[in-house]
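A look at the structure
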Amino acid sequence: MTEFVGPEKDGTSATDAGPLGRRAEHPLWRFADANRAPLGTLAVFVVMMGVFLAANPRVFSEWNIYRSVLTTLPVALFLVVPLVFVVTAGEIDLSFPATMGFSAWMFALAVQAGFSPYLGAVVGIATGMVLGLIVGSIVVYFNLSSLVATLGMNFMLRGVIQIVTEGKSIALTSLAHSSAKTIFSSDVLDVPTQIFWGFAFVIFAAFLFNRHRFGAQVKIVGDNPDSASQMGIDVNLVRVKTFVFVGLGAALAGIFSTMINFTWWPTAGDGYLLPALASVFVGGTPTWGGVGTVVGGAIGALIVSFIQTGVVGAGLSGFYVQFFNGLIIILSLVGHRWNQARYR
Amino acid sequence: MAERLIELRNIRKSFGRVDALGGVNLSVDKGEVVGLIGDNGAGKSTLIKILAGVVKPTSGQILVRGNPVSGWNAARSRDAGIETVFQDRALAVQQSIVRNIFMGRELAGRFGWLKLGREVREAERLMREIGFTSRIFTPRSIVAQLSGGERQGVAIARAIYNEADLIILDEPTTALSLAETSKVFHFVRQVKASGRSILFIGHNIHHVHAIADRFVVLDRGNVVLDANRADVRSAEALIAFMEDVAHPRTTLPPSTAASPR
């Protein structure tokens, strides 16, 4: 039933003890058991890196290739982590690419108008959260399918951007000399600083998910909404909050992406729709709600970010990228099936 | 006279043209165990849902400690201290025992961060209190790994934690083994001893007879019997009465039927 059930020495059958049997007494087993999904995802990552390293030891022993992944990985992290919350609550949000573009647009306009980038970031974050609130309220209070409604919102918000900007990008050369750039997107010892912010966000979100009332209620709402509302949890409010959190993450992603490139494009965020979603599920969060893993999602984002760089670095042509993307997704899902069997 | 905890007066509920309940009177006193019996479709589920506030009655009055309550809903029901343990639907099975016990009432400190250690200790205490212990699982175990009886224990522990004055148990012993059934009985007696009340719904008349102070029999939306324990000779007499309600005979019903309250 599980990969962690060891030999049966003392007459207690594995089914009696279950994965949380007496081994639950041992802290290390308890940790491994409670974190099977992220550990499994980590194993996928290690195996993948092993294959890359074996294929081209020279390229993969140089820092450059890791540096290039770490430069853009934070943007993915800001998107993937809140998506874990939404999926765990039993919903889905496909509007985050447009929210990301829209929030970054407000940030860019503020900076272009001569305001400080910090103020611009506040404006951008507020925009993202308000958009998340709107999207979430529409889905939850009109009782719409979040899959379809958020897809519609994605098109609509992107449409607004296109209509108003007429497809023109915004260059923000003033950012290059700002203190915000030094803090949020420069280099410390050849490590891109944005990755520290990305990690901090993941750690904060992991605590929010596992050690905070919000995370506990997100899981319960995704698990059994009837029971949750019977026990006095405002199910709809919890659902809306997860959408607001996605809006916050999308805004951060948009702002960081703009700061890395000194330019805002009207298409900002578009390319993240499928990779970010794939990262959530590669990370070990199941589609049915009730359980999820933030750290797994972050490792999933790392895997998905590395495939493109890795495949090319390993000496294959860029045409192989999509194939390996798909292969990793399918293999991860098959692996997570075993982990997830205990919940159903 | 014992304090009246809750009273339903002339409760009617119609679904379209079907009358699920046709003017039901039901009361539960403080520290009383009331057994609610009835066949499928008798209206038990509708009555429980009305008490829990999730279904609104078409007409009728609900009194809590003698005071009529208007705008009865789930929140009012909880405020009145009514906790329902719905069959099969009460728990979030992918979550741990702790998370289920503290569902909606998480022990959290400032800014909403959970006090997990305190929750686990409190859960252990509650589980021990109802004799719900095991070497196999801990409060951190996932509910999906528990048996049906153990899940009942989680729901009951939660009701105790929520300090309910009236715990409604919907078929609590239906899926349980003999040993587990007696555990539930043990718990029911403890709850009664602490001055709380229980509305015990069951199909198994032997189970209900073993535990209840008073019996209420529903049939097709009407109360056809409301009798104290002293007025019912035995479980067999109750069963005979139930059979008679379902398939009326030409002979007179047993004397048990003639004891209105």
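These numbers were taken from a predicted model, which means no experiment stands behind them.

A count of helical and extended segments in chain B gives eight helices and 10 strands. For chain B, whose C-alpha radius of gyration is 19 Å, the value lies close to the compact-globule estimate of 18 Å for 261 residues. By its C-alpha atoms, chain B is 65 × 40 × 40 Å across when sized along the principal axes. The 261 residues of chain B split such that 45% are buried. Residue pairs in contact within chain B that sit at least 24 positions apart in sequence constitute 68% of those at least 6 positions apart.

With 27 residues of chain A in contact, the opposing surface of chain B contributes 26 residues. Looking at which element gives the most residues to the side of chain A that touches chain B, the answer is helix α11 (residues 213–223) of chain A, with six residues. Residues that form the side of chain A that touches chain B fall into these classes: 11 nonpolar, eight polar and eight charged.

Okay, the nonpolar core next. Ranked by internal contacts, the top residues of the largest apolar core, which has 172 residues, are Leu79 and Val80 of chain A together with Phe200 of chain B. Ranked by residues supplied to this core, first place goes to helix α13 (residues 235–261) of chain A with 15 residues. Not counting residues up to four positions away in its chain, the partners in contact with Leu79 of chain A are Phe96, Gly249, Ala250, Ala253, Tyr272 and Ala276 of chain A.

Residue and element names in this part refer to chain B. Reading across from one edge, β2-β1-β4-β5 is the order of the four strands in this open sheet, with antiparallel pairing throughout. With one partner strand each, in any of the chains shown, β2 (18–29) and β5 (67–68) form the two edges of the open sheet. On the sheet, helix α1 (residues 44–52) packs against β1 (4–15) and β2 and is oriented at approximately 60° with respect to β2.

All names here are of chain B. Strand order in this open sheet of six strands is β6-β7-β8-β3-β9-β10, and the pairing throughout is mixed. The two strands at the open ends of the sheet, each matched to only one other strand, are β6 (82–85) and β10 (222–228). Direction aside, neighbouring strands of the sheet carry axes that sit 15° apart on average. Two strands pair when backbone bridges link them, and β6 and strand β7 (residues 166–170) are joined in this way by four bridges, in the parallel orientation. Across the sheet, the residue bridging to Val85 is Leu169, located in β7. Its contacts with the sheet place helix α6 (residues 178–193) against β3 (33–38), β7 and β8 (197–202), and it is angled at close to 150° to β8.

Attention shifts here to the confidence of the model for chain B. Residue and element names in this part refer to chain B. Per-residue confidence for chain B gives a mean pLDDT of 82, with 92% of residues at or over 70. By mean pLDDT, helix α8 (residues 235–246) is the weakest element of chain B at 78, and helix α3 (residues 97–101) is the strongest at 92. Taken over the whole predicted complex, pTM reads 0.81, whereas the ipTM for its chain interfaces reads 0.80.

Any two packed helices are characterised by the angle at which their axes cross and by the distance between the axes. Residue and element names in this part refer to chain A. Orientation of helix α3 (residues 36–55) relative to helix α16 (residues 321–340), taken along the N-to-C sense of each, is 145°, at an axis distance of 10 Å. Note that α3 runs across α16; the crossing there is right-handed. Facing α3, whose interface residues are Arg36, Ala37, Gly40, Thr41, Val44 and Met48, α16 presents Ile328, Ser332, Gly335, His336 and Asn339. In terms of residue class, the contact of α3 with α16 is made up of four nonpolar, six polar and one charged.

Rules and cut-offs
Residues numbered from 1 in each chain as written. Chains lettered and ligands numbered in written order. Predicted model: local features only at pLDDT ≥ 70, side-chain atom pairs only at ≥ 80, totals over all residues. Helix = DSSP H or I, 4+ residues; strand = E, 2+ residues; numbered from the N terminus. Rg over C-alpha atoms; globule rule 2.2 N^0.38 Å. Buried ≥ 20, exposed ≤ 12 C-beta atoms within 10 Å, placed from the backbone. Contact = placed C-beta atoms within 7 Å. Nonpolar A, V, L, I, M, F, W, Y, C, P; charged D, E, K, R; others polar. Core = buried A, V, L, I, M, F, W, Y, C linked by C-beta atoms within 7 Å. Pairing = 2+ DSSP bridges. Axes fitted to C-alpha atoms, helices over the stretch in contact; angles between N-to-C directions. pLDDT = per-residue confidence, 0-100. Left-handed = near helix turned anticlockwise from the far one by under 90°.

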